[in-house]
Amino acid sequence: MDTLTRNWRQNYNSLEMAVLHRISMVVVHRTSVKKLLADVLEILNGEMGLLRGTVTLRQGDLLVIEASHGMTEEEIKRGVYRMGEGVTGQVAAHAKSRIIPDIRSSTEFLNRTKTRVAGQKIAFICVPIIYQEGVIGTLSIDRLVSETTNLRRDNSLLETIANIIADAVSVLFLQNREREQLLEENRRLRLELSDKNSREGVIGKCNSMRRVINMIAQVASSDMPVLIRGETGTGKKFVANAIVSAGDRKPKAFATLNCVAMSEALQEAELFGVEQNSPSARMSNKIGLLESANEGTIFIDKIGDLSPDAQQKLLRYLQDGSFYRINGKTRLKSNARIIASTGKNLEEMVKCGKFNEDLYLRLNAFSIHLPNLRDRRSDITLLAEFFINKFNKKHKKKVKRISTPAINLLMLYHWPANVRELENAIESAVLSASDSVIYGYNLPASLQTGQSTNTSKLSEEAEVDFTAMVRSFERELISEALKIHRGNATASARHLGISQRIMNYKIKNLGIDSSIYKKNAKPSRRKI
Ligand SMILES: Nc1ncnc2c1ncn2[C@@H]1O[C@H](COP(=O)(O)OP(=O)(O)OP(=O)(O)O)[C@@H](O)[C@H]1O
């Protein structure tokens, strides 16, 4: 080892010792964990000359900046990462430190906080904070790289510091987690059927919808952009409403831009506004949604149809909160939150250059997938009941239940237009019901065909439709009569005005099991 290296090592060792000593002192004498974190970053700044430092804490699936040095409030607000996302997210997901020697040449580095400027050679080191074998956060620094910088040693030093502060940080983590869990539980309960008729009541008890409800509760109060994905009628607008209703921006503006409903030029004008430059222009400036919904939320419906120019501008807005009106020279700022929806395959669109990749990555960072109704059949009766209540009120009707054969029709149908189609079917059934029950024949004809073929395709032969509908109607009438007469075929035949022989033939031919209606038979579980 030459003298220069030996001297440098000695200096470095004493520097390390000094840093560790000062940090252990603030740990011992800490008054609050927040103060401790601020002090640790301050020490790192004083002793190591770091440019920026951050401590993130885990909140569910997100990592949120808890303490920082060298960053503004706005930059801190932007610093939210999902587990596995970017370098910080990777460190937390794999519990493994990472060194990025020069962030200018790193493709992984997100620079989400927008604090790094081009030109300087800056290294980024991030280490996990581990408590009881789980990652509870990260500690990271940015530092200028010179000839004497030894990033590996810096990394080891940071790992040691992360271990020293882990116990103290865990107190904050557990407090946060407890508070978040309570808040989330609160929001989830509100979102679930506490008030079935409220706009916030997302109906669904199956596992996939429970996941959706949890995700809504998790993201509602953050400022992150959200992408809601799903087929037509699965409830994307409904979920966007639920996110806003459960979040802090509820009292603020909530604007919608439907990308399919307008031309590309109009999309841009609506979103960003227009400046009338010429003094002779008769029209005044147009304020866009980003300005009018500042502090509120903008829902961009069918974002797959947003024009390429508007995509580019929206990306810029998501990166630093700034934008220009069309023809505008002044850079404007807004704090509107973006929620977008799509039923399109954005990944394919990115591949063939039809959707901006960076915009896709930003939006998809927190995406909620809504399941098709046919893949969550256990929710059908729940939704049907919800819609009966809704349409009873709207149309002043008194429908109380759905007959068992009608439920069978609902359960067997393939619902290509999902919840919207179910909602429409129940509305027309409620309207056409003559008493307090919805029978199979009150439901749209398409459902009868679905049952007869028991497939996901509608038959194209009208004759088959007709036969199926007649059989369904017969099955329904006979089942209802058997139910009323507790399985007594003679009384049921009399009730329907048909002979006992025809009754027996129909029961056999339609495959009805009359024993389930007998006196002591258990009531059908499908009744609602
Ligand atoms: N979970 C749910 N609970 C109650 N009602 C729902 C639910 N999901 C959807 N709906 C209702 O279903 C209808 C269709 O939902 P919505 O318009 O949100 O679908 P969408 O996915 O945005 O459709 P599209 O992509 O075709 O525009 C709405 O009337 C909505 O209120």
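Residues numbered from 1 in each chain as written. Predicted model: local features only at pLDDT ≥ 70, side-chain atom pairs only at ≥ 80, totals over all residues.

In the annotation of an unreviewed UniProt entry, the chain is listed under the name Sigma 54-interacting transcriptional regulator and assigned to Intestinicryptomonas porci.

## With respect to the pairing of strand β6 (residues 134-144)
Sheet analysis places strand β1 (residues 52-59) next to β6, joined by six bridges and oriented antiparallel. Across the sheet, residue arginine 52 finds its bridge partner in β6, namely aspartate 142. Both strand β5 (residues 122-131) and β6 contribute to a ladder of ten bridges, which runs antiparallel. Along β6, the bridge assignment pairs isoleucine 122 with leucine 144. Counting the residues that bridge the hairpin from β5 to β6 gives two residues, and of these glutamine 132 lies at a positive phi of roughly 45°. (Pairing = 2+ DSSP bridges. Helix = DSSP H or I, 4+ residues; strand = E, 2+ residues; numbered from the N terminus.)

## Structural notes on the site of the ligand
Taken together, 16 residues lie near the ligand, and Ile203, Thr232, Gly235, Lys236 and Lys237 sit nearest. Only α7 (236-246) and α15 (418-432) provide two or more residues apiece to the shell around the ligand. Tallied by class, residues from the shell around the ligand come to five nonpolar, seven polar and four charged. Lining the shell around the ligand are residues from two domains, each supplying at least three of them: domain 2 (193-371) and domain 3 (374-517). (Near = placed C-beta within 6 Å. Nonpolar A, V, L, I, M, F, W, Y, C, P; charged D, E, K, R; others polar. Domains from an automatic or database assignment.)

## Examining the pairing of strand β2 (residues 62-69)
Of all the eight residues making up β2, seven are buried; the element is thus mostly covered by neighbouring parts of the structure. Judged from the seven bridges that link them, β1 and β2 form a sheet pairing that is antiparallel. Looking at β2, one finds that glutamine 59 is bridged to leucine 62. Here β1 hands over to β2 after two residues, with glycine 60 in that stretch at a positive phi of 65°. Note: β2 against strand β3 (residues 80-82), three bridges, orientation antiparallel. Each residue of the ladder has a partner; that of valine 64, found in β3, is valine 80. (Buried ≥ 20, exposed ≤ 12 C-beta atoms within 10 Å, placed from the backbone.)

## Topic: the nonpolar core
Core analysis: the biggest nonpolar cluster contains 75 residues, and Ile216, Val239, Ile243 and Leu422 have the highest contact counts within it. Of the residues that make up this core, three or more belong to each of domain 2 (193-371) and domain 3 (374-517). Every residue in contact with valine 239, bar those within four places of it in the chain, is listed here: Val202, Val212, Ile216, Ile228, Ile368 and Leu370. Listed in part, the 38 residues of the second largest apolar core include Leu63, Phe124, Cys126 and Ile141. (Core = buried A, V, L, I, M, F, W, Y, C linked by C-beta atoms within 7 Å. Contact = placed C-beta atoms within 7 Å.)

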